[in-house]
Amino acid sequence: MPADAAHTPIESTAAAYWVMLRRIALAAAAIDLVFLLLYGLLGATALALLNLASIAMYAAAWWLLHLRKNVLGVLLMWFEVLAHAAAGSLLLGWEADFHYFLLLFVPAIVVGVPHRLAIPLMAVLLAFYAGLYLTCRAWAPLSPLPPVHFEIARWFNIVLVFGLFYGVAAFYRQRVRAAESAMRRLARIDALTGLSNRAHFQERAAAELSRARREGRPLTVMLADVDHFKVVNDTHGHDAGDLVLAAVARSMASTLREHDLLARWGGEEFIALLPATPGAEACAVAERVRQAVASTTVVVDGRTLNVTLSIGLAEVLAGDLHGATRRADEALYASKRAGRNRLTHADDPGAPPAPGAPAARGDRAHDDGGAQGHLRHSGLPPP
């Protein structure tokens, strides 16, 4: 049963934003090349030269972004859009709809600018927009086109703006979905081990209980606790303890079957739900897990740590998962008292401890009595 990837890198929205800008610079240069050809065919020499200059600026902006000179790259792109929208509007008139390109600054300002500067920049953008409108009303068009050519240029702008806004919206839609997916994953995954956390295990176990009742199949709970874990932490530090827990999780996950449910129950304790697995078969599965972990070694500061598990099992009776978990916990404590690195099945009449035994968790927290012998066996110095 493979463990979920706990440390999968999640690309930040800011990082993805800069990647998107580099792609936009290339796409804009390609679009301006099309505009260059279009205006050349329409006989609009001034606009053709304008697009030639835009291609050069977008190429330079892409190179600046590639060199991680993001501020200069963005400023150059912003200057190009402002200059292109203003020059196109003045040459062909306000009705040519070059001014729509200025609206692309709105998402760029909201995402790429610190909040304290966003509103002032929006005000500046609005003022520039209004000033361009008034200037066009007074002076444009400086280089008018024949009506048919004008309509071609105008609708080319409209279609392009629609496409650009669609691209921006699609980008942020994808980022929102990726963020939601990452949050759902983090909510159900233990970050250290990559296994399901306690809440996610209980959610999945509820579905497995319903399936077991419908199909009349047995269901077994397995609890496993890392032996002498406190000694590892006290002797080698919590980083070593984290390495041990991650190694145990990997070993258990690779040994259990695909349909078994494995989770970190808390601290150094793990829980697994074994569907369609009666007593003897559950013990065989648990024994494979115990042996796999016992053969696992963790190297810390040049020292090799041998890891073992104490395991308790109990079959779920009458759909009572809580009761089965409590009995598995008692069986786990019996494994601890019997010498550790072994398993006990609660439903074996010779295995369960007497009722009223001291809480298992206290013994597991201190893990004394025999710890020195275990450390010598593991190649660890006494604490």
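Residues numbered from 1 in each chain as written. Predicted model: local features only at pLDDT ≥ 70, side-chain atom pairs only at ≥ 80, totals over all residues. Heavy atoms only, no water.

(A) Highlighting the overall build of the protein chain. What the protein chain contains, in helices and strands, is 13 helices and seven strands. Within the protein chain, the fraction of its 383 residues that count as buried is 44%. Residue pairs at least 24 apart in sequence account for 71% of intrachain contacts in the protein chain once pairs closer than 6 positions are excluded. Accessible surface for the protein chain amounts to roughly 19300 Å². Of this, 64% is attributable to carbon and sulfur atoms. (Helix = DSSP H or I, 4+ residues; strand = E, 2+ residues; numbered from the N terminus. Buried < 20%, exposed > 50% of the residue type's maximum accessible area, 1.4 Å probe, protein only. Contact = heavy atoms within 4.5 Å. Areas by Shrake-Rupley, 256 points an atom, 1.4 Å probe, with all protein chains shown as cover.)

(B) Expanded view of the sheet that holds strand β2 (residues 261-266). Taken together, five strands build an open sheet; the order of strands is β2-β3-β1-β6-β7 and the sheet is mixed. The strands lining the two open edges of the sheet, one partner per strand, are β2 and β7 (343-345). Sheet twist, expressed as the mean angle between neighbouring strand axes with direction ignored, is 20°. Bridge count between strand β1 (residues 219-226) and strand β6 (residues 309-315): seven bridges; the pairing is antiparallel. Among the inter-strand pairings, M222 is bridged to a residue of β6, identified as L313. Packing against the sheet, helix α10 (residues 279-294) makes contact with β1, β3 (269-275), β6 and β7, and its axis sits at approximately 165° to β6. (Pairing = 2+ DSSP bridges. Axes fitted to C-alpha atoms, helices over the stretch in contact; angles between N-to-C directions.)

(C) The arrangement of the environment of A294 in detail. Note that A294 resides in helix α10. The class of A294 is partly exposed, set by a relative accessible area of 29%. Measuring from C-alpha to C-alpha, the distance between A294 and V307 comes to 5.6 Å, with 13 residues separating the pair along the chain. With residues up to four places along the chain from it excluded, the contact list for A294 reads V307 and N341.

(D) Structural detail: the nonpolar core. Ranked by size, the top nonpolar core spans 39 residues in total, and within it Y39, L47, Y58, M77, L92 and F98 carry the most contacts. When contributions to this core are tallied by element, the ones reaching two or more residues are α1 (13-42), α2 (45-66), α3 (70-92), α4 (105-112), α5 (115-139) and α6 (147-188). No other element matches α1, which puts eight residues into this core. Counting 31 residues, the second largest nonpolar core, distinct from the first, contains V232, A247, A249 and L309. (Core = buried A, V, L, I, M, F, W, Y, C linked by side-chain atoms within 4.5 Å.)

(E) View of the packing of α4 against α5. Relative orientation of the contacting elements α4 and α5 amounts to 165°, with a least axis distance of 9 Å. Considering the angle they form, α4 stands roughly antiparallel to α5. The handedness of the crossing between α4 and α5 comes out as right-handed. When α4 is examined against α5, the residues F105, V106 and I109 are found in contact with a partner set consisting of A118, L121, M122 and L125. Split into classes, the residues belonging to the contact of α4 with α5 amount to seven nonpolar, no polar and no charged. (Parallel < 35°, antiparallel > 145°, perpendicular 65-115°, else oblique. Left-handed = near helix turned anticlockwise from the far one by under 90°. Nonpolar A, V, L, I, M, F, W, Y, C, P; charged D, E, K, R; others polar.)

(F) Spotlight on α5. Compared with an ideal rise of 1.5 Å per residue, which puts 25 residues at 36 Å, α5 spans 36 Å between its outermost C-alpha atoms and is within 8% of the ideal. Buried residues along α5 sit against α3 and α4. (Expected span 1.5 Å × (residues − 1).)

(G) Summary view of the packing of aromatic side chains. Counting across every chain of the model gives nine aromatic pairs. A connected cluster of aromatic rings, assembled from ring pairs, spans F35, Y39 and F156. (Phe/Tyr/Trp six-rings, centres within 6.5 Å; stacked < 30°, edge-to-face > 60°.)

(H) A look at unusual backbone geometry. Here the bond from A140 into P141 is cis, since omega is 0°, no more than 30 degrees from zero. Although it is not a glycine, R68 sits at a positive phi angle of roughly 65°. Positive phi values are uncommon outside glycine, yet D97 reaches one of about 70°. You can see D97 is positioned in the loop between α3 and α4. Assessed through its relative accessible area of 6%, D97 is described here as buried.

(I) Broad picture of the pattern of salt bridges. By the definition in use, this model includes 14 salt bridges. Across the pair D190 and R264 runs a salt bridge, and its minimum N-O distance is 3.2 Å. Of this pair, D190 sits in the loop between α6 and α7 (198-215) while R264 is found in strand β2, placing the two residues 74 residues apart along the sequence. Each member of the pair, D190 together with R264, is buried. Taking the shortest distance from any N to any O, the salt bridge between D260 and R257 comes out at 2.8 Å. Exposure remark for D260: the relative accessible area of 1% places this residue in the buried category. Sharing partners across several salt bridges, the network here consists of D97, E151 and R154. (Salt bridge = Lys/Arg side-chain N within 4 Å of Asp/Glu carboxyl O.)

All quantities given are derived from atomic positions and should not be read as evidence of function.
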